[in-house]
Amino acid sequence: MSLAFILDITIGLIFIYLIFSLLASEIQEMISTVLQWRAVHLKKSIEILVAGDAEESDDDRIINFVNELYNHPLIKAINQESKGISNLPRRFTWLLSSLLGQVPLSGGKKKKSFFGYVQYQKGNIKDNNSQSHSIKHSAPSYMSADTFATTLIETLGIPELVHKLTESRLINFKDEQLQEIQNILLKFHTQVNSIDDHITQFSVNIYQEFTEVVEKSFTEIIDDFCKQKADLLISMNRMAQSLDKYIYIFQEDIPDEFFAGKALQKLRFLRGDMFNDIEKTISLKGLRPHINEVVQLINIGSEVHQGLLKEFQNQNIEADQTFGKLRVKLPQSVIKNMASLAKRAETKAQNTQEAIYILQQELQETFNQSMERSAGVYKRNAKGVAILIGFSMAVIANADAFHIVNRLSKDSAVRIAIVNNAGQIVKNNNLNASGNLAEVKKQTEDVLATILLPIGWNAINLKQQLDWEPSKQGHFSVQKFLTMIFGWFVSGIAIAMGAPFWFDLLGKFVNVRNTGKANTSAAKK
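Residues numbered from 1 in each chain as written. Predicted model: local features only at pLDDT ≥ 70, side-chain atom pairs only at ≥ 80, totals over all residues. Heavy atoms only, no water.

A separate point is the overall build of the protein chain. Along the backbone of the protein chain there are 22 helices and 0 strands. Out of the 525 residues belonging to the protein chain, those deemed buried represent 43%. Taking contacts inside the protein chain between residues at least 6 apart in sequence as the whole, the part at least 24 apart equals 75%. For the protein chain, the accessible surface area stands at approximately 28700 Å², while carbon and sulfur atoms represent 55% of it. (Helix = DSSP H or I, 4+ residues; strand = E, 2+ residues; numbered from the N terminus. Buried < 20%, exposed > 50% of the residue type's maximum accessible area, 1.4 Å probe, protein only. Contact = heavy atoms within 4.5 Å. Areas by Shrake-Rupley, 256 points an atom, 1.4 Å probe, with all protein chains shown as cover.)

Structural data, given as structure tokens:
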């Protein structure tokens, strides 16, 4: 038995497995599309990421929270769907997917809608008992880390919580400063009330100026901040300017009197202490909340949350609007994960806005790491499905590995035809160019029209495999039948290896065969 003969048989066997692998890839891709495996796997991976544990990912609160994430406009935007007549094939796949989806996978809980329900503009998610709810039939198969991090932060309402917490503290700061100024003016009025009518009238007038200039201005500043017309730094500067204006009015009209000068001195000291270094005041007063404090606000029922809720009620702020997105208590896993990432972000950031940005970066990194692990799980699952498809194809086509080798070794016409066509296909595709599998598939289809492969359930193959003939009425060799089953198993594993693997291998063997021929020709010369 020569080396060229062995190479021809090997090339023929590899070529046959390449054909089957190309077909298996098409079948697996079709099944994956119909059942939306990638989209389902992505959503399940996000549920596990949010829950922090695969066992906890089936918790209804986790599922509902991830469904809320999927209702975010950013995720809706990446789930493109066709409309009109062109959507009919997609609707057919939805029907198949919904029927097959009634069987829960991996022992998980069966859900009426895996992708959740459509959230309408009014903000209501139709419940299962509603007759008019709209079930989501699809979801994105891919999601970037930036999209996930932004969606999670906005769904949790962290930017709004930062603003509301800052608003609450700024209101308290405003009230403290107004109270300080008011105490100075009232004390001044008490001190000069019985001294002189002119000075007494000045104390009354200057208090009215305080009401009209400072109190009114501070109220407008807070109102602009609440409406997000100005940020914290601008608001603090405006307060300082308003107080400067009042001090100037006080100084211009001040009578030559000891207590009036004392009051003016206190006002100047108050202004300098609070507004000379605004950043220092913001830091000391905690006007910019730490990101970890903001994350604790998400935990409905926590001390931080209850404290802020009480503050809002005392300040007549509509707390229901502030925490409207958090009506349902979030899973503790979400709180713990966010708190852990928030602490890491807080150690790297100098202010709250920077901390939110760093928190988003931490979420992106966590998402990417989770998706890497998830991709490994998906590949393992896909490989298992590929083995099932490969074994099924081997049985249906009667692709017995041992019979194929036997036929190739004995039938020179089939062997030469397969080897020649395999060599031509490799040559046309520049050897090992496994990326152009679509063209390879087209060329193999042309080959199948001209070559009869040593497969199938015809009488000739069954005679060679089992010593079975129609006249024997079911009598066949049990030993050979077991060998045929093992041959199917070998073929199933081989088909599951994938078309890129077999095409690369085919190119290498064809290259070795051609090299051997060239050397032989040179030796003859």
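In the structure shown here, the tally under the stated rule is 12 salt bridges. Of the charged contacts in the structure, one is a salt bridge between Lys43 and Glu47, with a shortest N-O distance of 2.8 Å. You can see Lys43 and its partner Glu47 sitting in helix α2 (residues 37-51), 4 residues apart, about one turn around the helix. With a shortest N-O distance of 3.6 Å, Glu176 and Lys285 are connected by a salt bridge. In this pair, Glu176 is assigned in helix α7 (residues 158-192) and Lys285 in helix α11 (residues 278-285), connecting sequence segments 109 residues apart. (Salt bridge = Lys/Arg side-chain N within 4 Å of Asp/Glu carboxyl O.)

As a further point, take the confidence of the model for the protein chain. Summarising the model, the protein chain shows a mean pLDDT of 78, and 76% of its residues fall at 70 or more. When mean pLDDT is compared element by element in the protein chain, helix α9 (residues 232-253) scores highest at 92, while helix α14 (residues 319-322) scores lowest at 46. This model gives residues 82-86 a pLDDT under 50, and the stretch forms 1 contact once residues within four places in sequence are excluded. Taken as a whole, residues 521-525 scores under 50 in pLDDT and shows 0 contacts with residues more than four places along the chain or in a different chain. (pLDDT = per-residue confidence, 0-100.)

The final tally for this structure, using the stated rule, is 14 aromatic pairs. Put simply, the rings of Phe188, Phe202, Tyr207, Phe210, Tyr246 and Phe250 touch in pairs and so form one group of aromatic residues. Above the ring of Tyr70, the side-chain terminus of Lys43 is found at 5.8 Å from the ring centroid. (Phe/Tyr/Trp six-rings, centres within 6.5 Å; stacked < 30°, edge-to-face > 60°. Lys NZ or Arg CZ within 6 Å of the ring centre and 35° of its normal.)

Tracing the backbone through its elements, the reader meets Ala401 in helix α17 (residues 401-410). Assessed through its relative accessible area of 5%, Ala401 is described here as buried. Expressed as a C-alpha distance, the spacing of Ala401 and Val490, which sit 89 residues apart in the sequence, is 6.4 Å.

This part is about the side chain of Ser21. Tracing the sequence through the fold places Ser21 in helix α1 (residues 3-35). Classification of Ser21 as buried rests on a relative accessible area of 1%. Those residues within four positions of Ser21 in sequence are excluded, and the remaining contacts are Ala494, Ile495, Gly498, Ala499 and Trp502.

Okay, empty space enclosed by the protein next. One pass over the full model with this rule turns up 1 cavity of 30 Å³ or more. By volume, the largest cavity amounts to about 50 Å³. Ile184, Lys187, Phe188, Gln191, Phe259, Lys262, Ala263 and Lys266 together form the lining of the largest cavity. Residue assignment for the lining of the largest cavity shows that the elements contributing at least two residues are α7 and α10 (258-275). (1 Å grid on protein atoms, 1.4 Å probe; cavity = no way out; pocket = protein on both sides within 12 Å on 5 of 7 lines; lining within 4 Å. Points joined across faces, edges and corners; volume = space filled by probe spheres on them.)

Even without being glycine, Gln228 reaches a positive phi, approximately 60°. You can see Gln228 is positioned in the loop between α8 (197-226) and α9. The backbone of Asn398 shows a phi angle near 55°, a positive value even though the residue is not glycine. Within the secondary structure, Asn398 sits in the loop between α16 (352-396) and α17.

If you check α8, its first and last C-alpha atoms are 42 Å apart, about what 30 residues at 1.5 Å a residue would give, namely 44 Å. Looking at the residues trailing α8, positive phi occurs at Gln228, about 60°. (Expected span 1.5 Å × (residues − 1).)

Time to look at the nonpolar core. Residues Phe15, Leu18, Phe20, Ile418, Leu453, Ile455 and Leu506 are the most contacted members of the largest nonpolar core, which totals 40 residues. The set of elements that each furnish at least two residues to this core consists of α1, α16, α17, α18 (412-428), α20 (459-466), α21 (478-496) and α22 (499-524). In terms of residue count, the dominant contributor to this core is α1 (11 residues). Setting aside residues up to four positions removed in sequence, Leu18 forms contacts with Val440, Ala499, Trp502, Phe503 and Leu506. (Core = buried A, V, L, I, M, F, W, Y, C linked by side-chain atoms within 4.5 Å.)

Look at α1: 47 Å from first C-alpha to last across 33 residues, which is about the 48 Å you get at 1.5 Å a residue. In the segment just after α1, Gln36 is the residue with positive phi, at about 55°.

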